[in-house]
Structure formats: structure tokens, C-alpha cells
Amino acid sequence: MAFEPLLDRDLHPRRHHMRVVRVESGIPLTKPRALNLALYRACGDLLAIYDAEDIPAPSQLREAAAAFADLPAHIACLQAPLRPAGSRGFIARQFAAEYAVQFDMLLPALHHFGLTFPLGGTSNHFRAPALKAAGAWDAHNVTEDADLAYRLVRLGYGCGLIDAPTRESPPEDTRTWLPQRTRWIKGHMQTLLVHTRSLSDLPVMTALGLMFSLGLNVFSALFYAPFMALTLCQGLLHLWQPDLGGVGLPDLTLLMCGRGFAQIALDTGASRAGLKLSLWDRLSLPVYWGLQSFGALFALYQLMAHPFHWDKTEHAPTEGAITNPS
């Protein structure tokens, strides 16, 4: 692998153990490419990935190091839970609720049942030799974290979870949220395409984890808004012309069961994450789901037209954290 020249400088005269590595321009313009270049300079046995605005719990690095010392050598990565901080406004509140379900319900459930789960884009802790043996990150995948989790497992490694959380700033409005969600869904589509090209060497538990996480995520994002629109139109047509028939029992069952199970997961995840949800947060949840269909539509277009384009996300400062696109 060829590496371009890197320019270093001390971050602060009194912090000689820290350096800023400036990545020279090149293709593709993605976060995983920058991570791969930084990995070339890493010299420790353990490494962690943080976004610039993150505020990890002070005990997180020690907890990860202690866990690696106790776990088998094939456990290559540990994921910390992410907790959006200062969640105000509709998008930020729903984003925080979504993260509570993802990191305090879904990932622990997948891990408990031995299913492979996707990593988040930050607060990943790695055994450096295993990461390098796996070929590091795919520089062309715009959700390099999710892809890496399944690649590690296919190579015989495993992933685990730790408890110490990381606080980060959520997107504050649709203008910030939509490009980020488009990139995420596009990356999940990429990962699904990559890891289903060859099923002969795909472990069963990895395949199930792939489908229950990324597969259902993409499927629901693509079809939730169309399903709700058709159901609503069917109901309105029945009110206008009763002889046309109302909403069918299968549609009603799917709607009620989906809403009910989602509410249970939301309440449980929010309780574990210490997130207090208002009545409006609960009632407006379907609106947030509907918005994801727009992100999925843009993601599908980008996957065909601009598969490696990286939509940068601007983060507001969180308790003094540095603002930086990631």
C-alpha cells in the first residue's frame, strides 16, 4: 500500500505526545482514507477512534484496555455507546431517541444472541494488529465502520461492547441531518452489496446480524413513507367512498405491531440511556421515520451516480469540543 506524505506539527508546545496529521489531498475524499493514513503512523497495540466533537467518559479508555486484557485475543474491537448531548428541537430529540434504541437496545441484543453488529463511526477501540491484518478500513465505503465489523468477523475476529459512553452533538436541523442520513443509508447499501456478493463463506450469525441491522434499516427507510402514504390514501378514499373498502387487516396489523414494538424499544432504550421523552417525542416519531425515506431515496440515487461521495456533517460545539466536519 502506498502512502502519501504527511505533514505533522505539535498540537501544543506542552503536549508533545499529541500530533495533528494533515492528510494531503487525494482520492477518495473520505474519512476512512484519512484513518488508514493515520493508522500507518500508529505504534501502540490498542487504538481508539473519536470524532473531534466527542466527549468520551473519562473512564472509557481504561475500561476498554481492561476489557481487552480479560477478553480472548480474537476480540478485535469494542464499541462504546454514543449519547447525543444537548438534544433540543425536533431533529435533535428524535436523533437522541434513535441512538438510545441503537446503542442501548439493538446492539446489546444482537451481541447477546451472538449476532454480528455494525460498529458506530466513533468510540471504536481496536487491537491494532488485528485491524491491520484485516486490511484496515475500506477507503471507498462511506460507512467504513459498519463494513469493518462484518469484515473482521469474516476473518475470524469478534467485536464486543463496553459501558462507558461518549457524548456527541446531534444534528440540529433537517439541513444538517438529511445529508448525514443519506450518507449512512448509502453506506449501508454499499456494505450489503459487498458482503452478499459471496455467501459461501458468510457465517450464519453474521448473515443474520447483517439482515437484522443494515438490511432492515435500509428496507424500512425505503418503504416506510410510501407504505404510510398508501395506507393514509386508502383510509381517506374509504371515508369519501365507503364502497371502495377500508384499510385491510394485514396493513392495520403491520402498522399497529410495528408502532407498538417500536414504542417498547424506544422506552426501554431511553430509560437505559437516561433520556427523558415527552409525549410529543413519542407522537412525532412517525414523522421522523417518514423523513428517513427521503434520505433513502437520495442514497439510492447517490449509490448509482456518486457512490463514493462523502457528505460532510457540521457539528456544533459540545461543552468546549472542537467544531469539525466528520
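The structure presented is a predicted model; accordingly, all values stated were derived computationally and were not measured.

Definitions and limits used
- Residues numbered from 1 in each chain as written.
- Predicted model: local features only at pLDDT ≥ 70, side-chain atom pairs only at ≥ 80, totals over all residues.
- Heavy atoms only, no water.
- Helix = DSSP H or I, 4+ residues; strand = E, 2+ residues; numbered from the N terminus.
- Buried < 20%, exposed > 50% of the residue type's maximum accessible area, 1.4 Å probe, protein only.
- Contact = heavy atoms within 4.5 Å.
- Areas by Shrake-Rupley, 256 points an atom, 1.4 Å probe, with all protein chains shown as cover.
- Arc of directions from axis to C-beta.
- Core = buried A, V, L, I, M, F, W, Y, C linked by side-chain atoms within 4.5 Å.
- Pairing = 2+ DSSP bridges.
- Polar contact = N/O pair within 3.5 Å; in protein donor to acceptor, adjacent residues only side chain to side chain.
- Patch = residues over 30% accessible without salt bridge, like charges linked within 9 Å, V, L, I, M, F, W, Y side chains within 5 Å.
- Salt bridge = Lys/Arg side-chain N within 4 Å of Asp/Glu carboxyl O.
- Axes fitted to C-alpha atoms, helices over the stretch in contact; angles between N-to-C directions.
- Expected span 1.5 Å × (residues − 1).

A. Up close: the overall build of the protein chain. A count of helices and strands for the protein chain gives 10 helices and 9 strands. Across the 326 residues that make up the protein chain, the buried fraction comes to 44%. The long-range share in the protein chain, meaning contacts at least 24 apart out of those at least 6 apart in sequence, stands at 75%. Of the roughly 17200 Å² that the protein chain leaves accessible, carbon and sulfur atoms contribute 65%.

B. Highlighting helix α2 (residues 60-70). Listed as buried for α2 are Q60, A64, A67 and F68. Summarising the axial view, the buried residues of α2 lie within an arc of 100°, below the 170-degree limit, and thus occupy one face. Set apart from the buried face of α2 by more than 90 degrees, the exposed residues are R62, A69 and D70.

C. Spotlight on the environment of A225. The topology assignment puts A225 in helix α7 (residues 204-240). Along the primary structure A225 and S293 are separated by 68 residues, whereas in three dimensions their C-alpha atoms are 5.8 Å apart. Filtering out sequence-adjacent residues up to four positions away, A225 remains in contact with G290 and S293.

D. Summary view of the nonpolar core. Ranked by internal contacts, the top residues of the largest apolar core, which has 31 residues, are L47, L119, F126, L131, W137 and L152. Broken down by secondary-structure element, the contributors of at least two residues to this core are α1 (31-41), β3 (46-49), β5 (75-79), α3 (90-112), α4 (128-133), α5 (144-154) and α6 (174-195). In terms of residues, this core owes the most to one element, α3, which gives 6 residues. Aside from chain neighbours lying at most four places away, what touches L47 is L39, N124, H125, F126, A128, L131 and W137. In this structure, I185, M189, A221 and A299 belong to the second largest nonpolar core, which totals 12 residues.

E. Fine view of the sheet that holds strand β6 (residues 82-84). Spatially, the 3 strands line up as an open sheet ordered β4-β9-β6, and their pairing is mixed. A single partner strand is all that each edge strand has here, and the edge strands are β4 (55-56) and β6. As paired strands, β4 and strand β9 (residues 166-168) are joined by 2 bridges and run antiparallel to one another. Considered in β9, the bridge of I55 is made with R167.

F. Inspection of the side chain of R181 at higher detail. Structurally, the position occupied by R181 is in helix α6. A distance of 2.9 Å separates a polar atom in the side chain of R181 from a polar atom in the side chain of Q292. Not counting residues up to four positions away in its chain, the partners in contact with R181 are F95, E98, Y288 and Q292.

G. Broad picture of a nonpolar patch on the surface. A cluster of nonpolar side chains, contributed by V204, M205, L208, F212 and L216, occupies part of the molecular surface with about 450 Å² of accessible area. Within the element layout of this structure, F212 appears in helix α7. Look at F212 and you get partly exposed, because its relative accessible area is 44%.

H. Fine view of the sheet that holds β3. Ordered by their spatial adjacency, 4 strands build an open sheet running β3-β7-β5-β8, and the pairing between neighbours is mixed. Both outer strands of the open sheet, β3 and β8 (158-161), are each paired with one neighbouring strand and no more. On average, each strand axis in the sheet is inclined to that of its neighbour by 25°, with strand direction left out of account. Here α3 sits on the sheet and contacts β5 and β8; the angle it forms with β8, its principal contact strand, is near 140°.

I. Local environment of unusual backbone geometry. With an omega of 0°, the peptide bond running from I27 to P28 counts as cis. Tracing the backbone through its elements, the reader meets P28 in the loop between β2 (19-23) and α1. Its identity as a non-glycine residue notwithstanding, S123 has a phi of 60°, on the positive side. Topologically, S123 is positioned in the loop between α3 and β7 (124-127). In this structure S123 comes out as buried when scored by relative accessible area, which is 0%. Backbone geometry at A136 places phi at a positive 60°, although glycine is not the residue there. Relative to the assigned elements, A136 resides in the loop between α4 and α5.

J. Looking closely at helix α10 (residues 285-305). Between its first and last C-alpha, α10 extends 31 Å over 21 residues, near the 30 Å set by a 1.5 Å rise per residue. Among the residues making up α10, those that are buried are L285, Y288, G290, Q292, S293, G295, A296, A299, Q302 and L303.

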